[in-house]
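Results of the structural survey
What follows is the residue order along each chain.
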Amino acid sequence: MTKSFLYLLLVGLLFQTVPSLAQRSMERLSRGVVAVRTSQNQVFVSWRLLINDPDNVAFNVYRTGKGSQPVKLNQRPLTGGTYFVDTSAKFRQDAVYSVRAVAGKTELKPEGSYTLSASATSPYLTIPLQTPADYTPNDASAADLDGDGTYELILHQASRGRDNSHKGFSDPPILEAYKLDGTLLWRINLGRNIREGAHYTQFMVYDLDGDGRAELACKTADGTIDGQGKVLGDSTKHWAKTDGPLEGKILDGPEFFTIFDGKTGAALATTDYIPSRYPTNGWGGVGGIGGNDNNGNRVDRFLACVAYLDGELPSVVMCRGYYGRTVLAAWDWRGGKLTSRWVFDSQQAPDGFSGMGNHNLTVTDVDNDGKDEIIYGSMCVNDNGKGLYTTKLRHGDALHVSDLDPARPGLEVWGIHENEAPIPGYEKGFGAALYDARTGEILWGAFPGEDVGRGVAEDIDPTNPGAELWWSGSNGLFTTKGKRIGDSPSSANFLVWWDGDLIRELLDGNHVDKYQANGPAIRLLTADSCSSNNGTKATPALSADLFGDWREEIVLRSNDNKSLRIYTTTIPTQHRLVTLMQDPQYRLSIAWQNVGYNQPPHPSFFLGQSMKQPPRPTYRFPTTNQLNR
């Protein structure tokens, strides 16, 4: 009996006590080793703890130089945080690090280890880009496009864009895929019949059929060019209005939905986009400032996500509208065929579901049945495509879902709502509210009838149990019960786990700050010569647990737009957690992070001070993954 078989048998026995639910297809990841030189003599090495590692797994760290045999750097197997500081690395610029798991007294072979090395003493990796002239790197996503267990980055290159409420021509949106060494895998030009802007270009990158390689799914049109140079539809058509108050708006012509091969960028299947735009004046309602229009504003508000609607394989959900009529269309990509699973249309739903959308959404299993629901701002759509509940709090710009209050069962939603205009029956809706993710019961709210722009929920104060809540204009930090416990944080945009404790830090623009209840925030990182995206939203291209231990990386564009920089922490931590990318909710949050007004990802469990060990979900790995394990 081989050592590898014994290891797999041990892992299987460990999970026999897990409740029997449908097993989600989960991407198989490598160990994700990253090495960052922190001084002339030291290198910080970090790696993933994986979901199929036994609880008592230990690790050995090896260093290999050019033409030399691997040298083990630790005296005894490492059982704490998944990092190691090599203090004997002076002048070893050619060093490559690998990590081997130790089960009992048995050391296993390296598990697809691929060492990412940051040069000099800067805590970032550089990905050179081939940015087209007059374009700027914008939102990004991460997925394993070739099945080797390492993420690639899929980047939206943006040029002249337009908000839905304004006329004017925009430039074609471009999507590119890069390996972490800067290799350009493909470029997809969505063409002049897809408008550029935060509300139009939603792209989903995920392994939709469970074969170990991710696909790309997005809205396309006449003139879209796939990654192999093939044109979709009629390239001679230009459907934008040419003058007048609708100049540059695209209110005619076919709309497509396309699945692309993640490795090659080739279009695999194209069908009509659901729903169509018609009637273009049929998308008004109580959301936003109420009312209606026929100028391409409300009709062209798009969102998208990925959700495990059957509990086993993911579906992609393409959405249209949130100020009034809202339609969500779920699609399955299985065995090379694209099929419609269901369509939710608020016009056919009970009263209270129209106008409840946000500039963003989130996906999680609110009822713990192994299948995902879609929290679409102030309403929730069940895994079967039926409306589950509505809070009737209308549209907003920010949304946060997690176990924010670990003292009560289930997940909570922290929603920010604008309430720009009084509408009969909705006059006193909260500007900021905490509600139960399963039932929609409002637990606590503030600023009734007020327009609130931004808001955040997370555990940033170790003196208070659970998460803290704040919002623009809140003049304070609040508990989940509504008690003020401190001053307002310095920002209300993004978040990141960065230092060595379990408390999350503030990510705003190109810097990371640690909140202090009784004083100014402590600056932990300033990413010089880098910029954030999306104006005052000040969001990164992407923030996710891309490699290394459970803490998150920050992806920013360089000021000259010629590269992306991936910042990774080099602060030691004794906390040991499975990579966040193997928590179902967190992983899906990375898929939808590029959508609308970007929001930070959250896991399905409470991650913070005095947290409990999170349960490991049931899962299965792809059977055709190319990763050598």
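About the criteria used
- Residues numbered from 1 in each chain as written.
- Predicted model: local features only at pLDDT ≥ 70, side-chain atom pairs only at ≥ 80, totals over all residues.
- Heavy atoms only, no water.
- Pairing = 2+ DSSP bridges.
- Helix = DSSP H or I, 4+ residues; strand = E, 2+ residues; numbered from the N terminus.
- Axes fitted to C-alpha atoms, helices over the stretch in contact; angles between N-to-C directions.
- Buried < 20%, exposed > 50% of the residue type's maximum accessible area, 1.4 Å probe, protein only.
- Contact = heavy atoms within 4.5 Å.
- UniProt positions renumbered as here; feature names shortened; annotations may be inferred.
- Phe/Tyr/Trp six-rings, centres within 6.5 Å; stacked < 30°, edge-to-face > 60°.
- Polar contact = N/O pair within 3.5 Å; in protein donor to acceptor, adjacent residues only side chain to side chain.

1. Brief notes about the sheet that holds strand β15 (residues 203–206)
- The antiparallel open sheet is built from 4 strands, whose spatial order is β15-β16-β17-β18. Taken across any chain shown, the strands that pair with only one partner, and hence form the sheet edges, are β15 and β18 (267–272). Shown here is a sheet whose adjacent strand axes are inclined to one another by a mean of 20°, direction ignored.

2. With respect to the environment of Pro601
- Residue position: Pro601 is located in the loop between α2 (584–592) and β43 (619–620).
- Pro601 sits in the buried class, given a relative accessible area of 0%.
- Taking the C-alpha atoms as reference points, Pro601 and Ser589, 12 residues apart in sequence, are found 5.1 Å from one another.
- Excluding anything up to four places from it in sequence, Pro601 contacts Arg504, Ser543, Glu552, Tyr586, Ser589, Ile590 and Gln593.

3. Observations regarding the UniProt feature "domain: Rhamnogalacturonan lyase family 11 C-terminal" (unreviewed entry) in the protein chain
- Under the present numbering, the feature "domain: Rhamnogalacturonan lyase family 11 C-terminal" (unreviewed entry) in UniProt falls on residues 133–617.
- End-to-end, the C-alpha atoms of residues 133–617 are 45 Å apart, and along that stretch the chain is 2% helix and 33% strand.

4. Re the packing of aromatic side chains
- Per the counting criterion, the structure on display carries 16 aromatic pairs.
- Relative to Phe353, the ring of Phe344 lies with its centre 6.0 Å away and its plane at 65°, an arrangement referred to as edge-to-face. The pair formed by Phe344 and Phe353 is uniform in burial state, with each residue classed as buried.
- Summarising the aromatic geometry, the rings of Tyr389 and Tyr435 are spaced 6.2 Å apart at their centres and angled 85° between planes, so their arrangement reads as edge-to-face. Of this pair, Tyr389 sits in strand β26 (residues 387–390) while Tyr435 sits in strand β29 (residues 430–436), and the two are 46 residues apart along the sequence. For the pair Tyr389 and Tyr435, one class covers both residues: buried.
- Taken together, Trp414, Trp444, Phe447, Trp471 and Phe478 form an aromatic cluster joined through their ring pairs.

5. Some words on the environment of Asn294
- Note on placement: Asn294 falls in the loop between β18 and β19 (302–307).
- Once the C-alpha coordinates of Asn294 and Gly282 are considered, the two residues, 12 residues apart in sequence, prove to be 8.1 Å apart.
- Those residues in contact with Asn294, other than ones at most four positions away along the chain, are Leu246, Leu251, Thr280 and Asn281.
- A distance of 2.4 Å separates polar atoms of two side chains, one belonging to Asn294 and the other to Thr280.

6. Some points on the environment of Gln574
- Along the chain, Gln574 falls in the loop between β42 (563–567) and α2.
- Sequence separation between Gln574 and Asp501 is 73 residues; the distance between their C-alpha atoms is 8.2 Å.
- Sequence-distant contacts of Gln574, that is, excluding residues within four places in its chain, are made with Gly80, Gly81 and Tyr83.
- Polar side-chain contacts of Gln574 include one of 3.1 Å to the side chain of Tyr83.

7. Topic: unusual backbone geometry
- The omega angle of the peptide bond from Ile274 to Pro275 is 0°, so this bond is cis rather than trans.
- Along the polypeptide, Pro275 turns up in the loop between β18 and β19.
- Cis geometry is adopted by the peptide bond preceding Pro279, which originates at Tyr278 and carries an omega value of -5°.
- With respect to the helices, strands and loops of the structure, Pro279 is situated in the loop between β18 and β19.
- Phi at Asn419 takes a positive value of approximately 50°, unusual for a residue other than glycine.
- Looking at the secondary structure, you find Asn419 in the loop between β28 (412–416) and β29.
- Despite not being glycine, Asn475 shows a phi value in the positive range, around 55°.

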